[in-house]
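# Geometric and topological summary
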Amino acid sequence: MVRLVSLILFFAIWWLASLFAGPQMLPGPEKVMAVIIAQARTGELFFQVGVTLARVFVAFTLAMVGGTALGFLMGRSKLADSIGDPWLIVLLNLPALVIIVLAFIWGGLTEVAGVLAVAINKLPNTIVTVREGARSLDPRLDEMAKVYGLPRWKSLRHVILPQLAPYIAAAARSGLSLVWKIVLIVELLGRPNGVGFEIGTAFQLFDVTRILAYALAFVIVILAIETVVVQPIERRASRWRSKAA
Amino acid sequence: MNDARPAGEAKQLEVHIERKAFAAASGGRLDVLRDIAFTLKRGEVAAFVGPSGCGKTTLLRIIADLDKDFEGNVRRADSISLAMVFQEPRLLPWRTVEQNVRLVAPDLSNQALASLLKELDLDAHRRHFPAELSLGLARRVSLARALAVKPDLLLLDEPFVSLDQALAARLRMQLSRLMRDLYLTTLLVSHDLEEVARLADRVFLLSPRPARIIAEIPLATPRDARSDREIVTMRTEVAKQIAEFAPPLIP
């Protein structure tokens, strides 16, 4: 209920602001909605959003899988941590734009280069979070698994992963929003389609309505993923926590 | 269920620890265990009694192969299956009671699981998560988990410490019955002389740090046949021995 009021307030402020700023600078919500609907009718919106979503999905998966594996390794092995840490600091501080531009120069203006650039941007973030999780693993549960002779994969799946789950979830949460922001820059700089490309075109035409239309459409999609996919998974994974006596 | 009884008196465990030391914070090495040697036959229950912090848990950890940094050797019978009840229950909080037991004993039949949980009064808690259990219940689950693997060697690290007397007594009785039925070779570490007198065949007294065996007291009457009177006598006997050995060892 409060959320709904807050949302209505947001649109009201937007609408008022558009009255002052004029339709050139800030078109009202109703105009943006009209463009969204028009773009949806032609199928253009679904195509561009779909392409971007596919890139987000692939880059996100790569960064999460790679980051989790590397972060776990660095959290568990002192040697791996000493080797990896300087690289990590470099990656963490390298601006997204530098990685993207270098990826396009070295890999050409290709899909692979673009998606990899996004994944590399997200990677260090995941590593740092999961490493923290791996460092805080409970050695007592490890010992239990060892005494009972649990096979490796079994103790990974049932003893270690559940302990890492909150860290992986945190990395995923911040990852989804970070990845889609960077995908848009990649599309703007070096892809012939996607929401970022559309916004780039609209920017050249100074078409603010179109910019907002695409941005809003994509935000709605991400919100939908968050409520339909991410939150139910999280609820299920933390089922055992909520019922604490 | 006594079909597992072997023909010979096979040695299940042979322990010979010359020395175990920890690195002290102030530098140098601090001796924890010294010259601890004993063997355990199949179906035998040995109890270790000693002052707090004398290294009893360290001894169990060495036998469980969790600590390899010691001088000496520990020989366990080939392909032995091991179970340990730690001082804390060490259950996986994201798994239900049943799933916790199943994890270590995937081959256990539904029937065997049901009867084990029933035996320990856990059937009502099958689908509960550890956070929903009291400490006493969690301890019982930890015990059920250990028994579910039908261990060749069971290690118990003060399994009922900090439980109230009545509950501890009840759990002790259940454990004692299961130990007999499954013919379990068991190593028990405890402060509780009542527990020791009821569960053990042999008692080893340990000195303060560095712990060494200062006396071995066989409890002759078979575990099941002990009357309450005898238990009291045994307790007194063990307590007397402790008192006898303790004073000169305190520096």
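Residues numbered from 1 in each chain as written. Chains lettered and ligands numbered in written order. Predicted model: local features only at pLDDT ≥ 70, side-chain atom pairs only at ≥ 80, totals over all residues. Heavy atoms only, no water.

Okay, the overall build of chain A next. What chain A contains, in helices and strands, is 11 helices and zero strands. For chain A, the sequential pattern of α-helices and β-strands runs α-α-α-α-α-α-α-α-α-α-α. Along the three orthogonal principal directions, the C-alpha set of chain A runs to about 70 × 50 × 30 Å. Taken over 245 residues, chain A has a buried fraction of 39%. Taking the contacts inside chain A whose residues are at least 6 apart along the sequence as the reference set, 73% of them involve residues at least 24 apart. Summing over all exposed atoms, chain A offers an accessible surface of approximately 13,900 Å²; the carbon and sulfur share of this is 73%. Taking the average place of the 23 positive charges on the side chains of chain A and the average place of its 14 negative ones, the gap between the two points comes to 8 Å. (Helix = DSSP H or I, 4+ residues; strand = E, 2+ residues; numbered from the N terminus. Buried < 20%, exposed > 50% of the residue type's maximum accessible area, 1.4 Å probe, protein only. Contact = heavy atoms within 4.5 Å. Areas by Shrake-Rupley, 256 points an atom, 1.4 Å probe, with all protein chains shown as cover. Lys, Arg positive; Asp, Glu negative; His and termini not counted. Charge placed at Lys NZ, Arg CZ, Asp CG, Glu CD.)

Residue and element names in this part refer to chain B. Sheet topology places strand β1 (residues 11–23) next to strand β2 (residues 29–41); 11 bridges connect them, and they run antiparallel. The residue of β2 that forms the bridge with Lys11 is Lys41. Once β1 ends, the chain turns through five residues before running back antiparallel as β2, passing Gly27 with a positive phi of about 90°. Bridge count for β1 against strand β4 (residues 71–76) is six bridges, and the pairing is antiparallel. Residue Ile17 lies in a different strand from β4, and its bridge partner there is Gly72. (Pairing = 2+ DSSP bridges.)

Okay, the interface of chain A and chain B next. Taken together, the 18 residues of chain A in the interface contact 26 residues of chain B. Interface area for chain A against chain B, summed over the two sides, is near 2,100 Å², with a carbon-plus-sulfur share of 66%. The largest per-residue losses of area from chain A upon contact with chain B belong to Val147(A), Tyr148(A) and Trp240(A), which jointly make up 35% of the total buried on that side. Our enumeration of links across chain A and chain B arrives at three salt bridges. Glu143(A) serves as the salt-bridge partner of Arg61(B), at 2.5 Å between the closest nitrogen and oxygen. Where the side of chain A that touches chain B is concerned, the elements lending two or more residues are α7 (139–147), α8 (152–190) and α11 (239–242) of chain A. (Buried area = accessible area lost by both parts, 1.4 Å probe. Salt bridge = Lys/Arg side-chain N within 4 Å of Asp/Glu carboxyl O.)

Residue and element names in this part refer to chain A. Taken together, the side chains of Leu97, Val101, Ile105, Trp106, Ile185, Leu188 and Leu189 make up a nonpolar region of the molecular surface, amounting to roughly 720 Å² of accessible area. Of all the secondary structure elements, the ones that give two or more residues to the nonpolar patch are α5 (96–107) and α8. Considering every element that reaches the nonpolar patch, the biggest residue donor is α5, with four residues. Along the chain, Leu188 falls in helix α8. (Patch = residues over 30% accessible without salt bridge, like charges linked within 9 Å, V, L, I, M, F, W, Y side chains within 5 Å.)

Turning our eyes to something else, we now look at the packing of helix α3 (residues 44–76) of chain A against helix α6 (residues 111–135) of chain A. Residues and elements named next belong to chain A. Viewed as axis vectors pointing N to C, α3 and α6 meet at an angle of 35°, and their least axial separation amounts to 6 Å. For the pair α3 and α6, the crossing hand works out as right-handed. By residue class, the composition of the contact of α3 with α6 is 16 nonpolar, six polar and six charged. (Axes fitted to C-alpha atoms, helices over the stretch in contact; angles between N-to-C directions. Left-handed = near helix turned anticlockwise from the far one by under 90°. Nonpolar A, V, L, I, M, F, W, Y, C, P; charged D, E, K, R; others polar.)

Residue and element names in this part refer to chain B. Taken over all residues, the pLDDT of chain B has a mean of 85, while the share at 70 or more is 93%. By mean pLDDT, helix α7 (residues 228–249) is the weakest element of chain B at 76, and helix α2 (residues 97–104) is the strongest at 94. Throughout residues 1–8 the model reports pLDDT below 50, and contacts reaching past four residues in sequence, or to other chains, amount to eight contacts. (pLDDT = per-residue confidence, 0-100.)

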